[in-house]
Amino acid sequence: MEPARPPKRKIGLLSIMVVAAAVVWLVGGVVLFTMLQQQTRLENDAQRVYDGSSARVFEATRTIRGLERLAREGDALIWVADTAIRTRKRQQLHSLLDDAALQGEPEIREVVQKGFATLDENLADLAQNGAAAQERSAVRWAPVMQQVLNKSEAVGAEVSDLATREADQILQSTDDARTMLVGVAALAGAISLALFGFVYFMLTRPVVRLAKALVKARDGKPISGKQEVIRELQMLHDAATALGSAHRELETTRAQLEQLAHTDVLTGLANRRMFEQQGERAFLHARRYGEALTVIAFDIDHFKRVNDAFDHKKNNAILRALSTYLREAVRAAEH
C-alpha cells in the first residue's frame, strides 16, 4: 500500500496581494529613482558646463571688446589733428594694458604690446610732422590693426567652439538619460505585463471559473473538480461543488416528496389531494371555455369477500394489478 501523499501547499490570496503590491511598489520606486537620478545628472552637467563656460565666455568677451577697441581707436587717433586730444585719448587707452583679460595669455599680451608700440610710434611721428605723417601712420598701423582683429576673431571662434562642445555634452547627457529612461520604461512595461499575466492566470481566470461553477450550483448541474493554486479559491470551489450536490439531492428529495404527497403508496395512483387539485383546475378550465367535463366514479364489487378470502399481501397485489390496468386503459389528457 502506497503511503498517502501530503496535499500540495496552496498559496493564500493575501500573500498574492502582498507580493503584487510589493512588485508594483518596487517597479514604481525603480522608475521614480531612475528619473530623479537622471534629472539630477542633467542638472549637475548643466551646472558644470555653466560654471566652466561662464567665466571663459566673460573673459573672452572682455578680450574681444578690448582688442576691437584698440584696433578701432588706434586707427581713429591717426586722423585726429589736435595733439592734446590725441594725448588724452592715448591715456584713456592705457587702461587696456592693465586689463587682466588682455594680459593673461602670452599671444594676446604680445599682440596688445605690439599694438601699443606701433600706436606710440604713430603718435610721436604725428606730433613731430603733423598731417604729413598721417599716411605713413595709416600704413604702419594697418597690419597691426589686422593682427589685433584676427586675434579677436580667433578668441571669438575659440569661445564658440567651447560653447558648441559643451552644448554637445549636454545633448549627449540628455540622450543618455533618454536611453536610460526608455530602457527602464521597457523593463517596467515587461514587469507590468508579467504581473498582469500572473494576476490573470492566478486570480482572474480562477474567479471566472468559480463564477461559472456557482451558476451551475444554482441550477443544480454537476461541477467538474478543479485543483486551484489559491487556498481561498479552492475553498470556494469546494463549497460550490458541495452546494451543487446538495441542490441536486434536494431536488430529488423534493420530487420524491411531491410524488408521495400526490400519489397513493400502494397503487401508485393519484390520491384525493391530487384529485382535488386537478379537478379544480379542470373545472375552471371547462367553465372558462364552455367545454364539457366528465367525472367517472366506480367501485370494486364485493371486495370485502376478497379481503376475507385472501390474506393482506394478495389483496394488495390485486389492488396494484387493478391500478396498472386503469393506467393503461385511460389515455393522458391533451391539456
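Positions within a chain are numbered from 1, following the residues in the order the chain's sequence is written. With pLDDT at 70 or above as the cut-off, local features in this predicted model cover only qualifying residues; side-chain atom pairs require 80 or more to be listed or tallied, and sums for whole chains, interfaces and linings still use all residues. Each side-chain value is worked out from all heavy atoms of the structure, with water and hydrogens disregarded.

Draft legend 1. The arrangement of the overall build of the chain in detail. Helix numbers and strand numbers start at the N terminus; a helix is a DSSP run of H or I with at least 4 residues, a strand a run of E with at least 2. Along the backbone of the chain there are nine helices and zero strands. Secondary structure elements of the chain, listed N to C terminal, follow the sequence α-α-α-α-α-α-α-α-α. Within the chain, counting contacts between residues at least 6 apart in sequence, those at least 24 apart form 66% of the total. Carbon and sulfur atoms provide 61% of the accessible area of the chain, an area that totals close to 23,700 Å². In this description, contact between two residues means that some pair of their heavy atoms is separated by no more than 4.5 Å. Accessible surface area values rest on a Shrake-Rupley calculation with a 1.4 Å probe, where residue burial reflects the displayed protein chains alone.

Draft legend 2. Expanded view of the nonpolar core. Residues Leu70, Val112, Phe116, Leu119 and Val148 are the most contacted members of the largest nonpolar core, which totals 20 residues. Where this core is concerned, the elements lending two or more residues are helix H1 (13-77), helix H4 (106-129) and helix H5 (134-219). The leading source of residues in this core is H4, at six residues. For Val112, the contacting residues outside a window of four places in its chain are Leu67, Leu70, Leu97, Leu102 and Gln103. Here, nonpolar core refers to any group of buried Ala, Val, Leu, Ile, Met, Phe, Trp, Tyr and Cys residues whose side-chain atoms link them within 4.5 Å. Summary of the burial criterion: residues with accessible area below 20% of their type's maximum are buried, those above 50% are exposed, and those between are partly exposed, where the area comes from a 1.4 Å probe applied to protein chains only.

Draft legend 3. Main features of the pattern of salt bridges. Salt bridge, as used here: a side-chain nitrogen of Lys or Arg that lies within 4 Å of a carboxyl oxygen of Asp or Glu. Under the counting rule described, the total for this entry stands at seven salt bridges. A salt bridge links Lys151 to Glu107; the nearest nitrogen and oxygen atoms lie 2.7 Å apart. In this pair, Lys151 is assigned in helix H5 and Glu107 in helix H4, connecting sequence segments 44 residues apart. Across the pair Arg136 and Asp125 runs a salt bridge, and its minimum N-O distance is 3.0 Å. Residue Arg136 is located in helix H5, and its partner Asp125 is located in helix H4; the two are separated by 11 residues in the primary sequence.

Draft legend 4. Main features of the layout of surface pockets. Looking at the second largest pocket, its volume works out to about 180 Å³. Put plainly, a pocket is an open set of points on a 1 Å grid over the protein atoms alone with protein on both sides within 12 Å along at least five of seven lines, a cavity is a set where a 1.4 Å probe fits but cannot get out, and a lining residue has an atom within 4 Å of a point. In terms of lining, the second largest pocket is formed by Thr267, Leu269, Phe298, Asp299, Ile300, Leu319, Leu322, Ser323 and Leu326. A breakdown of the residues in the lining of the second largest pocket according to their chemical character gives six nonpolar, two polar and one charged. Grid points are joined across faces, edges and corners, and a volume is the space filled by probe spheres set on the points. Classification used: nonpolar for Ala, Val, Leu, Ile, Met, Phe, Trp, Tyr, Cys and Pro, charged for Asp, Glu, Lys and Arg, polar for all others including Gly.

Draft legend 5. Spotlight on helix H9 (residues 312-329). A helix is expected to reach a length of 1.5 Å times the quantity of its residues less one. Here H9 is 18 residues long and its end C-alpha atoms lie 26 Å apart, about the 26 Å a rise of 1.5 Å per residue gives. For H9, the set of buried residues is Asn315, Asn316 and Ser323. All buried residues of H9 project into a common sector of 100° when viewed along the axis, lining one side. With respect to the buried face of H9, the exposed residues turned more than 90 degrees away are Lys313, Tyr325, Glu328 and Ala329. Throughout, the arc means that of the directions going from the helix axis to the C-beta atoms.

Draft legend 6. Inspection of the environment of Phe58 at higher detail. Positionally, Phe58 belongs in helix H1. Classification of Phe58 as exposed rests on a relative accessible area of 54%. In this structure, the C-alpha to C-alpha distance between Phe58 and Val159, residues 101 residues apart in sequence, is 9.8 Å.

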